[in-house]
Amino acid sequence: MLGSGSTAAAPVGKNGAGTSGSKPGVDPLRSLGVQDDEDVKLMLQGSSMVKVRSPRWQKRRTLKLLDDGVTIWCQSHKISSRAKDQQSFSVMEVECVREGCQSETLRRAAGSVPEGRCLTVVFKGPRKSLDLLCHSQEEAQRWARGIRTLQERVENLTQKEKLDHWIRAYLKRADQNHDGKMSYEEVQTLLQMINIDLSEQYARSLFQKCDQSADGRLNHREIEVFCMELLRRPELDAVFIRYSANCCVLSTVDLRDFLKDQGEDASLVHAQSLILTYELNEWAQKNQFMTPNGFTMYMLSKENCVFDPEHGRVFQDMNRPLAHYFISSSHNTYLTKDQITSDSSTEPYIRALNHGCRCVELDCWDGDRGEPVIYHGHTLTSKVPFVEVIETINEYAFKTSPYPLIVSLENHCSLEQQVVMAQHLRSILGDKLVTKPLNGLEPHCLPSPEALKGKIIVKGKKEHVVEESSSSSSELSSSEDEASRADANKPGVSSLSPELSELVVYCHSVPFKGFQQAAKKPSTDMSSFSESEALRLIKESGKFFVRHNSHQLSRIYPSGQRLQSSNFNPQEMWNGGCQIVALNFQTHGEQMDLNQGRFLSNGLCGYSLKPPFMCQPDTTFNPENVGGGPGHRPVLLTVRVISAQQLPKPEWDKPSSIVDPHVWVETHGVPIDNNKKKTPRVDNNGFNPRWDCTFNFTLHVPDLALVRFLVEDHDYTSSNDFLGQFTLPFTSLRTGYRHVRLCKLDGSSLSPASLFIHVKVTPGHSSSPSKSSAKSPSMSSAKSPSKSSAKKP
């Protein structure tokens, strides 16, 4: 896939993704517009560098950009049959490139490596960072610049361009003798690479049909025809024919009918603008017609994504009190993996902040030489200096979102090192740090995200409430569960330094002593709840918890028993109006998919405005009983899963393996709205599988609902393999024929992989959700033939 280290690309044509004269033999670098970039030229030549793991472990490596323009090989100079001598990564797997000695590894090796020649490649997901020492400072700067340039170019490609690039790169890989032509054997290799298992008869006939020169090899023009046939989208053709009065072109009248059914602007001006934008045929454009080619270009564009593009910017009212928003939040942010033995690092803060996280956690303990450190106390996790974490936060706090960042301090330090913490916070964060109530605002009221733009808020305990806090489990975070009660009896821990206390302005950590008492307290007080305690309150006192959360912030943290950094279901907490639902960002899966989906809208800013019925102090909304009450606005959601395009293979699959995909459509919301339905599988086709399955979902509280699309590879002998997913708020879902751009497990783009669906929303529908509206997947599977022998055993 594009951005996965195994890329490729080629042209598309009529009835396919549309082509504008691009040839499959053209260098993929040209499609990225980087063929003349000097930094990219250096990367293509390759550079000898030193990989650094410690002051003593430093090994020479050669880094080289492959000619697909996205894959970088990291080749070892040591020949060993016991270890991989080559490793690769895609520039789209890179979270950021840090220049100089900024990683923990390079800081430790600072005495033995010149800082100006160093750089660190930080990856998305769990992959360890790559610390490198270049030959010169200029070389380090050019590699850093080149990676950023390539990332920017790939991100800015249209879906059609991504598809072209994807196919071109696979063609280059399949052309084993590099003669620019394709034999039948090379075509078979190509089909295997792009995840499609055509019958021998059909593959041979398609090859012969395209081999107009009859020499047993496809030249550039014949390869283009072959790709046009392969990339045909019959399901798009069917939509086109349905709306075309003459089955040849769409007039502006035809196009306006289509737009009306899509629920979009159906004006003549809009229809004409679409023809001017997407129709490449000059005659059709001049006469205000749209051809099948132009229609396909339009359908593949961002304008037809299932996610409402208007919600891709900040569109919500950002002038409400902080308590009126769900806030993207991380738990034990410093950990790279599990809660017991993993490394603590600054890099998880970079990943979290780059993904719009607006509340990060720091567990602070006394360190050597008077400098506090961050780690999971009383465990084997490594330690990272407090000052390095604050420096990282200062650098990355507002790269993705301009709205306030909450720094949640779990303080286990002595008075002396608390003073050092306060000094670092003030000196490093400077004017970004909130040190007093905002001018013109009531000091005991929570400001809005807009009023706090570009500001960092410290969440922690204040003087005079410390001893109370130690008596209540509601204020202990998971990291404090094991330690706080023991620490409370130690000198210097049960008290708080005035220097640190005065930095806590708007997020005072206090024990929770019941809803009645909390209602009398200022909105700047806030409590933390374990996941089990929060669930109990939601189930037993849902209405009162929602009211409490209209006034004060609540932070929910994972159980201390989640040693492997697993996550709870955040939707259950959002149903109760809880704002700061802290998840382990390093652990990917359904729970983080829901978190990403919740904060996908409103410009990825990390703040999502709660529905009005959750913001009223006297609300009667109860997530456990929504029949006829506030927020009860039943709708019928109808989703037709039509097809998928360019699905990937699981990384661990054999090259000869072809996936057998099926699709789950899920709704997540209040308990009555939770539902999931599955298509049958399609055997041996990850390239263009078809389902045409229709599912119905009744949503009683649609304002809280999320919709998740999950694609899996059916497996006979073990659990199904994840292929891709996409999650979004129901309120950001667009009706009509739409493409769903799938994401990887870590939430990054899986382009060009997508689903093609049709969505319909019918208001006022209220009934018990049916268990399934499609043929039972188990029955369908029973009738399917056995797995291809090419599939993994």
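As the structure is a prediction and not an experimental result, all values here were calculated from the model.

(A) Looking closely at the packing of aromatic side chains. Counted under the stated rule, the structure contains 20 aromatic pairs. Where tyrosine 278 meets tyrosine 298, the ring centres are 5.4 Å apart and the plane angle is 50°; that geometry is what we call tilted. Of this pair, tyrosine 278 sits in helix 11 (residues 268-278) while tyrosine 298 sits in helix 13 (residues 292-300), and the two are 20 residues apart along the sequence. Overall, tyrosine 278 belongs to the buried group, its relative accessible area being 12%. Looking at tyrosine 298, the relative accessible area reads 0%, which means it is buried. An aromatic cluster is present here, built from Phe240, Tyr243, Phe258 and Phe295 joined pairwise through their rings. A cation sits over an aromatic face here: arginine 204 above tyrosine 184, 3.7 Å from the ring centre. A cation over a ring is seen here: lysine 399 above tyrosine 396, with NZ or CZ 5.4 Å from the ring centre.

(B) Representation of the packing of helix 6 (residues 184-193) against helix 7 (residues 200-210) in the model. The N-to-C vectors of helix 6 and helix 7 enclose an angle of 120°; their axes lie 11 Å apart at closest approach. With respect to each other, helix 6 and helix 7 are oriented oblique. In this structure, the crossing between helix 6 and helix 7 has a hand that is right-handed. Only Glu200, Ala203, Arg204 and Phe207 of helix 7 make contact with helix 6, whose side of the interface consists of Tyr184, Val187, Gln188 and Leu191.

(C) How the structure looks around the side chain of histidine 324. With respect to the element layout, histidine 324 can be found in the loop between helix 13 and strand 10 (325-330). With a relative accessible area of 9%, histidine 324 lands in the buried category. A distance of 3.4 Å separates the side chain of histidine 324 from the side chain of arginine 320, its partner in a polar contact. Excluding residues within four positions of it along the chain, histidine 324 makes contact with Ser550, Ser608, Leu609, Lys610 and Cys615.

(D) The arrangement of the environment of asparagine 281 in detail. Mapping asparagine 281 onto the fold places it in the loop between helix 11 and helix 12 (282-286). A residue is classified by how much of its surface remains accessible, and asparagine 281, at 35% relative accessible area, is partly exposed. Residues asparagine 281 and glycine 294, 13 residues apart in the sequence, show an inter-C-alpha distance of 7.9 Å. Within the structure, asparagine 281 has its side chain in polar contact with the backbone nitrogen of alanine 284 (distance 2.9 Å).

(E) Highlighting the confidence of the model for the chain. Looking at the chain as a whole, its pLDDT mean stands at 87, while 88% of the residues score no less than 70. Note that pLDDT drops below 50 for residues 3-26; the model gives that stretch 111 contacts with residues more than four away or on any other chain. Within the model, pLDDT remains below 50 along residues 466-473, and this stretch shows 14 contacts once partners closer than five positions in the same chain are excluded.

(F) Spatial organisation of the nonpolar core. Among the nonpolar cores identified, the biggest contains 66 residues, and Leu362, Ile393, Leu409 and Leu425 are the most heavily contacted of them. It is helix 15 (residues 386-396) that provides the largest number of residues to this core, a total of 6 residues. Ignoring sequence-local partners within four residues, the contact set of leucine 425 consists of Phe386, Ile390, Leu409, Gly430, Leu433, Val458, Leu500 and Leu503. Membership of the second largest hydrophobic core comes to 35 residues, among which are Leu647, Leu742, Cys743 and Ile757.

(G) Main features of the packing of helix 9 (residues 234-243) against helix 13. Where helix 9 contacts helix 13, the axes come no closer than 10 Å and their chain directions differ by 115°. Overall, the two elements helix 9 and helix 13 adopt an arrangement that is roughly perpendicular. The handedness of the crossing between helix 9 and helix 13 comes out as right-handed. Contacts between helix 9 and helix 13 involve Leu236, Val239 and Phe240 on the former and, on the latter, Pro292, Phe295, Thr296 and Met299. Of the residues assigned to the contact of helix 9 with helix 13, the class counts are 6 nonpolar, 1 polar and no charged.

Calculation criteria
- Residues numbered from 1 in each chain as written.
- Predicted model: local features only at pLDDT ≥ 70, side-chain atom pairs only at ≥ 80, totals over all residues.
- Heavy atoms only, no water.
- Phe/Tyr/Trp six-rings, centres within 6.5 Å; stacked < 30°, edge-to-face > 60°.
- Helix = DSSP H or I, 4+ residues; strand = E, 2+ residues; numbered from the N terminus.
- Buried < 20%, exposed > 50% of the residue type's maximum accessible area, 1.4 Å probe, protein only.
- Lys NZ or Arg CZ within 6 Å of the ring centre and 35° of its normal.
- Axes fitted to C-alpha atoms, helices over the stretch in contact; angles between N-to-C directions.
- Parallel < 35°, antiparallel > 145°, perpendicular 65-115°, else oblique.
- Left-handed = near helix turned anticlockwise from the far one by under 90°.
- Contact = heavy atoms within 4.5 Å.
- Polar contact = N/O pair within 3.5 Å; in protein donor to acceptor, adjacent residues only side chain to side chain.
- pLDDT = per-residue confidence, 0-100.
- Core = buried A, V, L, I, M, F, W, Y, C linked by side-chain atoms within 4.5 Å.
- Nonpolar A, V, L, I, M, F, W, Y, C, P; charged D, E, K, R; others polar.

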